[in-house]
Amino acid sequence: MGKRRISSIMAISRFLRTSFVFLILGAAVACLAQESTTKAAARADAAAAAAVPPSAYNAHPKLAVLIVIDQFREDYLERYRADFKGHGFKLFLDKGAYFPDCYYDYANTMTAPGHSTIGTGAYSNGHGIAGNEWWDLSRNKERPITSVEDERYALVGVPAAGKTAPGSSPRNLRASTVGDELRLATAGEARVFGISLKDRAAILPSGSAANAAYWIDQQSGAFISSTFYEPQLPDWAAAFNASGRAAQATQDAQTFTSANNLKASAYGGKSFYGFVGSTPAANAYELDFARALITGEQLGTHPVTDLVTISLSANDILGHGVGPDAPAEHAMVDSLDTDLDGFFTWLDKNVDGGLGNVWIALTADHGVAPVPAEAAKLGINAATIDLKKVVASLNEAMNAKFSPGEKVSYLFDRQELPYLALNPPNFDRAGINEQEAEQAVLDALPSAVDALSAPTDAEAKSKIAAPSQTRLPPTPVLVRAYTRQQLAAGAYPAGEFGEILSHSYSPNGGWYVMAVFADYQMEGGYGGGTTHFSPWSYDRHVPLGFYGAPFAPGIYHGRVGPVDLAATWAALLGINQPSAAVGHILTQALKPTASVAYPKPAPIHTHPAHTKTAAKP
Ligand SMILES: [Zn+2]
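No experiment lies behind these values; they were computed from the predicted model shown.

Procedures and definitions
- Residues numbered from 1 in each chain as written.
- Predicted model: local features only at pLDDT ≥ 70, side-chain atom pairs only at ≥ 80, totals over all residues.
- Heavy atoms only, no water.
- Helix = DSSP H or I, 4+ residues; strand = E, 2+ residues; numbered from the N terminus.
- Buried < 20%, exposed > 50% of the residue type's maximum accessible area, 1.4 Å probe, protein only.
- Contact = heavy atoms within 4.5 Å.
- Areas by Shrake-Rupley, 256 points an atom, 1.4 Å probe, with all protein chains shown as cover.
- Donors = N, O, S within 2.8 Å, 3.2 Å for Na, K, Ca; no water.
- Tetrahedral: all angles 85-135°; square planar, octahedral: opposite > 155°, others 65-115°.
- Pairing = 2+ DSSP bridges.
- Axes fitted to C-alpha atoms, helices over the stretch in contact; angles between N-to-C directions.
- Parallel < 35°, antiparallel > 145°, perpendicular 65-115°, else oblique.
- Left-handed = near helix turned anticlockwise from the far one by under 90°.
- Nonpolar A, V, L, I, M, F, W, Y, C, P; charged D, E, K, R; others polar.
- Polar contact = N/O pair within 3.5 Å; in protein donor to acceptor, adjacent residues only side chain to side chain.
- Salt bridge = Lys/Arg side-chain N within 4 Å of Asp/Glu carboxyl O.
- Expected span 1.5 Å × (residues − 1).
- Bend = angle between axes of the 7 residues up to and from the residue.
- pLDDT = per-residue confidence, 0-100.

Lay out the overall build of the protein with the relevant residues and their values.
For the protein, the count of helices and strands is 23 helices and 18 strands. Looking at the protein residue by residue over its 617 residues, the buried ones come to 52%. Here the analysis covers contacts within the protein between residues at least 6 apart in sequence; of these, 74% occur between residues at least 24 apart. Accessible surface, the protein as shown: approximately 27,100 Å² in total, 56% of it carbon and sulfur.

Break down the coordination of the zinc ion for me, citing the residues and quoting the values.
Looking at the zinc ion, the protein donor atoms are D70 (OD), T111 (OG1), D365 (OD) and H366 (NE2), and they sit 1.9 to 2.2 Å from it. Here the zinc ion binds four donor atoms, and the angle range of 94 to 130° at the metal identifies the geometry as tetrahedral. Donor residues for the zinc ion, ordered by position in the chain, follow D-x40-T-x253-D-H. Residue D70 is found in the loop between β1 (63-69) and α2 (75-79), and its partner T111 is found in helix α4 (residues 111-120); the two are separated by 41 residues along the sequence. Judged by relative accessible area, which is 0%, D70 ranks as buried. For T111, a relative accessible area of 1% puts it in the buried group.

Describe the sheet that holds strand β15 (residues 512-517), and please don't skip the residues or the numbers.
Across the sheet, which stays open at both edges, the three strands sit in the order β13-β15-β14 with antiparallel pairing between neighbours. Here the strands that pair on one side only, and so sit at the sheet edges, are β13 (419-421) and β14 (478-483). In this sheet, adjacent strand axes meet at a mean angle of 25° when their direction is disregarded. This element, helix α20 (residues 496-504), spans β13, β14 and β15 of the sheet and lies at about 140° to β15.

Kindly report on the packing of helix α11 (residues 280-296) against helix α13 (residues 327-350), identifying the contributing residues and their values.
The N-to-C vectors of α11 and α13 enclose an angle of 15°; their axes lie 9 Å apart at closest approach. Taken together, the axes of α11 and α13 are roughly parallel relative to one another. Note on packing geometry: the crossing formed by α11 with α13 is right-handed. Where α11 abuts α13, its residues P280, N283, A284, L287, A290, R291, I294 and T295 lie against M332, S335, L336, D339, L340, G342, F343, W346 and L347. Residues that form the contact of α11 with α13 fall into these classes: 11 nonpolar, four polar and two charged.

Which residues make up the pairing of β1, and what values do they have?
Burial analysis of β1 places seven of its seven residues in the buried class, which makes it a mostly covered element. When β1 meets strand β10 (residues 306-312), the two strands line up parallel, connected through seven bridges. Each residue of the ladder has a partner; that of L63, found in β10, is D306.

Tell me about the environment of K270, residues and numbers included.
Position of K270 among the secondary structure elements: in the loop between α9 (245-259) and α10 (272-275). The class for K270 is exposed, based on a relative accessible area of 75%. Separated by 52 residues in sequence, K270 and Q218 have C-alpha atoms that sit 10.0 Å apart.

Give me the sheet that holds strand β17 (residues 541-547): which residues, what numbers.
Across the sheet, 11 strands lie side by side as β6-β5-β9-β8-β7-β10-β1-β11-β17-β2-β18; this open sheet has mixed pairing. Lying at the two open borders of the sheet, with one neighbouring strand each, are β6 (166-168) and β18 (554-555). Along the sheet, helix α22 (residues 563-573) contacts β1, β10, β11 (358-364) and β17; its crossing angle with β11, the most-contacted strand, is approximately 165°.

Explain the side chain of S534 residue by residue, including any values.
Here S534 lies in the loop between β16 (522-523) and α21 (537-540). A polar contact of 3.0 Å, which involves the side chain of S534, links it to the backbone nitrogen of W536. Not counting residues up to four positions away in its chain, the partners in contact with S534 are Y106, A107, T109, D539 and R540.

Can you explain α4? Please cite residues and give values.
Within α4, 10 of the 10 residues are buried, which leaves it mostly tucked inside the rest of the structure. Every buried residue of α4 is listed here: T111, A112, P113, G114, H115, S116, T117, I118, G119 and T120. Two residues or fewer past α4, G121 is found with a positive phi of approximately 65°.

Any chance you could break down the pattern of salt bridges for me, citing the residues and the numbers?
Side chains bearing opposite charge may pair, as long as their charged atoms lie close to each other. A full pass over the atoms with the stated rule returns 16 salt bridges. Residues R79 and D325 are paired through a salt bridge, measuring 2.8 Å at the closest nitrogen-oxygen approach. Of the two residues, R79 is situated in helix α2 and D325 in the loop between α12 (314-322) and α13; the sequence distance between them amounts to 246 residues. A salt bridge links R191 to E297, with the nearest nitrogen and oxygen atoms 2.6 Å apart. In this pair, R191 sits in the loop between α6 (178-185) and β7 (192-196) while E297 sits in the loop between α11 and β10, placing the two residues 106 residues apart along the sequence. Residue classification places R191 among the partly exposed residues on the basis of a relative accessible area of 23%.

Lay out helix α17 (residues 434-450) in plain terms, naming residues and giving numbers.
Relative to the 24 Å expected for 17 residues at 1.5 Å per residue, α17 spans 25 Å between its end C-alpha atoms, a close match to the ideal helical length. Taking the largest bend as the criterion, α17 deviates by roughly 35°, centred on A444, and proline P446 comes between one and four positions later. Where α17 starts, the residue carrying a side-chain oxygen 3.2 Å from the main-chain nitrogen of Q435 turns out to be N433.

Provide a residue-level description of the confidence of the model for the protein, including the pertinent values.
Overall, the predicted model of the protein reaches an average pLDDT of 89, with 86% of residues at or above 70. Every residue in residues 15-36 is under pLDDT 50, and counting partners more than four places away or in other chains gives five contacts. Below pLDDT 50 for its whole length, residues 605-617 participates in six contacts with residues either more than four positions away or in separate chains.

If you want it as structure tokens, here you go:
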């Protein structure tokens, strides 16, 4: 009994030992089987990836970054090229596909239309945004509404001491953006964001389906948003605002203004927006916020493509004050080159697989005119136009015609060229309809402009008596003008200029007459500075550059437009064109699909034993 017992215990023990060995072997076999399944799956994935072209649906690229420089004429990149170092602007000029001959094909070269065009691949007649602001009496009788203000929402994240203002949204944007199409194509899996100092420049290029857009509270510099997107700032954005970064930017701005002998408050005022915003410190500040956003929202880590639009505002705020030819502008361009180099290097280190898995596009929302006085010194007829006088003359003419002896304001006191906005209720009261009103303003406009430079009798006589020994001052010249109804009906002059005008029309806004002044002429009142608003080449000429796996590096001459950016990206992402897009795909700069290669993402963490086994032949 005892012996049997012992032997049976030994038998059990042997059984257990054997079982244990089997268990271990079983586990190992299961493990190997699992590993081989994983490897097979990986091979299948690789085969599938090879069989279908890279697109947004398989995260090619992982991240698309759209950089817009506000008020940046293309010729800056030619003029200052010798200064560029590293991979800032040179990423596009040397390693990307670069188009030096990119022009907006419309006449209303302002910030809101430009950013809308970049995002939508359409002109104002497609996306609906023709100006930064316009009169819409149904929404506000006191002042023009801005392109993105929306009283149905509230701002988010404004510091307690900040100014209360209506919320913002893309409600006036009548077309989808490339980001919207990316979101639609991936059922919202792709994540899309917009960043700028300016609300319109954050909201319009990113679009209606963007996860969020961020811009600054002008006084404090804190990044804010709108309840259209989210009820409160995400933690990473609140942390950025609390980090003291705005104070650092203010110090950096002080250094720049001293070094360039700029008056601290001459251009934008004393607010963060005006002071820091007119220096390169604002570009660095925005790019730091972009880093925080990309990290905080884990952009570039999703199974589909993510997209962020970054509009750098500083060039515009400084440019209005000093003009395109000032040494401070040169310093700004060089400083931006350094900041872009730093940002692109950061992307290379922080996106899975590096910069090879990122697309970056570079463009601008409009160019700018030279400072009129400087152009005039060279002999150009660069007059400034006293718009207040023009409006007063027009009001006088309208009163003489429709309400003799009265002083009715038939034109609004606040105007944004190239549009002269009419006040419909005041014409209504005089029994005048839109057609008669706009025609009357159109008829009165040439004499109102001529009156700005009419010589006195004495002057006129002295000129006849003795030809001038020096150059005469420039004189305002009205080239053409059109009523809103003419533009709406498509009554354009034949040829390319007519096309430019047709692209400028939008049904947003009320009655107006569009005035085209001679080239290099503009409204006065920029404190000795300059502006952009016209159909002339200097306002329309912007850079267009692409970096990314599908692009064949090179300089591509020939006319292209900013509308081509969204069109080209949409085609390469494999998604629908934005809803009103008219841009062309820049096929001349594309590699054959078969030769487009993306870096493999970093290997997913595997058990060391598996790695060893896998290494055996
Ligand atoms: Zn702008």
